[in-house]
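Here are the chains, one letter per residue:
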Amino acid sequence: MNLKGRSFLTLKDYTPEEILYLLDLAAELKAKKKQGITGNSLKGKNIALIFEKPSTRTRCAFTIGCIDEGGHAEYLGKDDIQLGYKESVEDTARVLGRMFDGIEFRGFSQENVEKLAKYSGVPVWNGLTDTYHPTQILADFLTMREHLGELAGKKLVFVGDGRNNMANSLMIGCAKVGVHFTILAPSSLWPEQSLVELCKEYAKASGSVITITEDLDGVKGADAVYTDVWCSMGEEDKAAERVALLRPYQVNAELLSRTGKDSTIFLHCLPAVKGNEVTADVFEKYADVVFDEAENRMHTIKAVMVATLGEYDR
Ligand code: CP
Ligand code: NVA
């Protein structure tokens, strides 16, 4: 599989085979790292890490993943560069493309990450926008594979803000690789109909079933229950409204019991607001899985960089 030179902006751009290839590569790189083996596939490569929004996992995953493979990562925080206010995105992209071999972008606008890719001429990786968070899905899928086995045919239920970046990206990823996907959310927080229709098209090919519902019994049969914060970065003014709307959708012991299964795992992209989207007891019960998922950000992000920029033979 040759992904050399490709950007990673949304999972819409990747085939199921390419997504599964990235998971296999991540598993291989993870196994090597556990044996103390790192590589040189990014030797001589410089990558820019642009962060308009804060980050713990994504920033560290790109930094460590790059250094592990012999590259250099340069952090560019929101106050460090002129992007978007003193200099256009197009011009910043053309400058960075002359100096760097790859660019990670975390920010508000999906349009901006796409412009960076168009104008920089180097691979650009989406480290989260308001609309999508595609690298997170790779970590989620690797974690599901480790804990549940093969992905196709499993059922994942996302509970909470059903129109945020995580819900959107999980829906695309699940539809592509054949994971049955349910969004459990109040109807005012359902995803855009056009995206649901697109995912249903992907699902036809993979055999996945996509369901959007307000009914808490939608968790029945779930192999994995997933939640995320009720207010994403940049939506802090919506806090009171969201708490009122989403309180019935908290992932707690009662909700989990509705899966009817003892084997269900709980996933969270983190950071978590315990007492809101998940209770502290549920979080702690599944802490090993959730922190595997956090660790897997590094192995999967490394795989994306290695596949699109590195010299690596499998
Ligand atoms: N899950 C995730 O993207 O975490 P950070 O916001 O800490 O990068
Ligand atoms: N929906 C969250 C995800 C954080 C990883 C946010 O955008 O803040």
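Heads up: the structure comes first, above all this text.
Computed from a predicted model, the values in this text were never measured in an experiment.

### A closer look at the layout of surface pockets
If you add up the space inside the largest pocket, you get close to 510 Å³. Along the wall of the largest pocket there are 34 residues; nearest its centre are D228, V229, C231, S232 and M233. Secondary structure elements with two or more residues in the lining of the largest pocket: α2 (57-68), α6 (165-177) and α8 (239-246). Broken down by element, the lining of the largest pocket gets its largest block of residues, three residues, from α8.

### Thoughts on the pattern of salt bridges
For the structure on display, the rule yields 21 salt bridges. With a closest N to O distance of 2.6 Å, R94 and D91 form a salt bridge. Of the two residues, R94 and D91 both sit in helix α3 (residues 89-99), three residues apart, roughly one turn of that helix. A salt bridge links E254 to R258, with the nearest nitrogen and oxygen atoms 3.2 Å apart. Residue E254 is classed as partly exposed on the basis of its relative accessible area of 44%.

### Section: the environment of I183
Relative to the helices and strands, I183 is located in strand β6 (residues 180-184). Residues I183 and F158, spaced 25 residues apart in sequence, show a C-alpha to C-alpha distance of 4.9 Å. Contact partners of I183, with chain neighbours within four places excluded, come to F158, G162, A167, M171, P191, T211, I212 and T213.

### Some points on the packing of helix α5 (residues 134-148) against helix α11 (residues 287-309)
Between α5 and α11, whose axes approach to 7 Å, the crossing angle comes to 120°. Relative to α11, the element α5 is oriented oblique. Note on packing geometry: the crossing formed by α5 with α11 is right-handed. Residues T135, Q136, L138, A139, D140, L142, T143, E146 and H147 of α5 touch α11, and the partners they reach there are V289, D292, E293, N296, R297, T300, I301 and V304.

### Overview of the packing of aromatic side chains
Enumeration over the complete set of coordinates arrives at six aromatic pairs. Summarising the aromatic geometry, the rings of F51 and Y75 are spaced 5.5 Å apart at their centres and angled 25° between planes, so their arrangement reads as stacked. Separated by 24 residues along the polypeptide, F51 in strand β1 (residues 46-51) and Y75 in strand β2 (residues 72-77) bring together distant segments of the chain. Judged by relative accessible area, which is 2%, F51 ranks as buried. Measuring from centroid to centroid gives 6.3 Å for F266 and Y286, while their planes differ by 55°, and the two rings are tilted. Of this pair, F266 sits in strand β9 (residues 265-268) while Y286 sits in the loop between α10 (280-285) and α11, and the two are 20 residues apart along the sequence. Looking at K53, its charged tip hangs above the ring of F108, at a distance of 4.7 Å from the centre.

### Here we look at the sheet that holds β6
Ordered in space as β7-β6-β5-β8-β9, the five strands form an open sheet in which the pairing is parallel. Each having just a single partner strand, β7 (210-213) and β9 make up the two edges of the open sheet. Geometrically, the sheet is characterised by an average inter-axis angle of 20° between neighbouring strands, direction not taken into account. Relative to β9, strand β8 (residues 224-227) runs parallel, the two sharing four bridges. Following the sheet pairing, T227 is matched in β9 by H268. Running at roughly 160° to β6, α6 makes contact with β5 (155-159), β6, β7 and β8 of the sheet.

### As for the site of ligand 1
Taken together, S55, T56, R57, T58, R106, H133, Q136, C269, L270 and R297 form the complete shell of residues around ligand 1. At a separation of 2.7 Å, an oxygen atom of ligand 1 approaches a polar backbone atom of T56. R297 is positioned such that a nitrogen or oxygen atom in its side chain is 3.0 Å from an oxygen atom of ligand 1. The fraction of the free accessible surface of ligand 1 (250 Å²) that becomes covered by protein chains is 95%. Here ligand 1 is seated within the largest pocket. Among the residues forming the shell around ligand 1, the class breakdown is two nonpolar, five polar and three charged.

Scoring rules and cut-offs
- Once a new chain begins, its residue numbering starts again from 1 and follows that chain's sequence as written.
- Just so you know, chain letters begin at A and ligand numbers begin at 1, following the order they were written in.
- Restriction of local features to residues with pLDDT of at least 70 applies here, the model being predicted, together with a cutoff of 80 or more for giving and counting side-chain atom pairs; totals for whole chains, interfaces and linings are based on all residues.
- As a convention, hydrogens and water are excluded, and side-chain values are obtained from all of the structure's heavy atoms.
- Within this scheme a cavity is a closed region of a 1 Å grid, computed over the protein atoms alone, that accommodates a 1.4 Å probe without allowing it to escape, whereas a pocket is open but has protein on both sides within 12 Å along at least five of seven lines; lining residues each have an atom within 4 Å of a point.
- Grid points are joined across faces, edges and corners, and a volume is the space filled by probe spheres set on the points.
- To qualify as a helix, a DSSP run of H or I must reach at least 4 residues; to qualify as a strand, a run of E must reach at least 2; elements of each kind are numbered from the N terminus.
- A side-chain nitrogen of Lys or Arg and a carboxyl oxygen of Asp or Glu constitute a salt bridge if their distance falls within 4 Å.
- Partly exposed residues are those whose accessible area sits between 20% and 50% of the maximum for their type, while under 20% is buried and over 50% is exposed, using a 1.4 Å probe and protein chains only.
- What makes two residues a contact is simply this: any of their non-hydrogen atoms within 4.5 Å.
- Angles shown run from 0 to 180 degrees and are taken between the N-to-C directions of axes, each axis being a line fitted to C-alpha atoms and, for helices, limited to the stretch in contact.
- Oblique is the label for any angle not under 35 degrees, not over 145, and not in the 65 to 115 range, which are roughly parallel, roughly antiparallel and roughly perpendicular in turn.
- Put simply, a crossing is left-handed when the front helix is turned counterclockwise from the back one by less than a right angle, and right-handed when it is turned clockwise.
- Two rings from Phe, Tyr or Trp (for Trp, the six-membered ring) form a pair when their centres sit within 6.5 Å of each other. Planes less than 30 degrees apart are called stacked, planes more than 60 degrees apart edge-to-face, and all others tilted.
- By definition here, charges over rings are those cases where NZ of Lys or CZ of Arg is within 6 Å of the ring centre and within 35 degrees of the ring normal.
- Only when DSSP finds a minimum of two bridges between them are two strands counted as paired.
- Here a residue is near a molecule or strand as soon as one of its heavy atoms is found within 4 Å of it.
- Polar contacts, as used here, are pairs of N or O atoms within 3.5 Å; protein pairs need one atom able to donate a hydrogen and one able to accept it. Residues neighboring in sequence count only if both atoms are side-chain atoms.
- For every accessible area listed, the method is Shrake-Rupley and the probe measures 1.4 Å; residues are considered covered only by the protein chains on display.
- Molecules are considered to sit inside a cavity or pocket once more than half of their atoms lie within 2 Å of its grid points.
- Each residue gets one label: Ala, Val, Leu, Ile, Met, Phe, Trp, Tyr, Cys and Pro are nonpolar, Asp, Glu, Lys and Arg are charged, and the others, such as Gly, are polar.

Remember, this is a structural readout, not a statement about activity or role.
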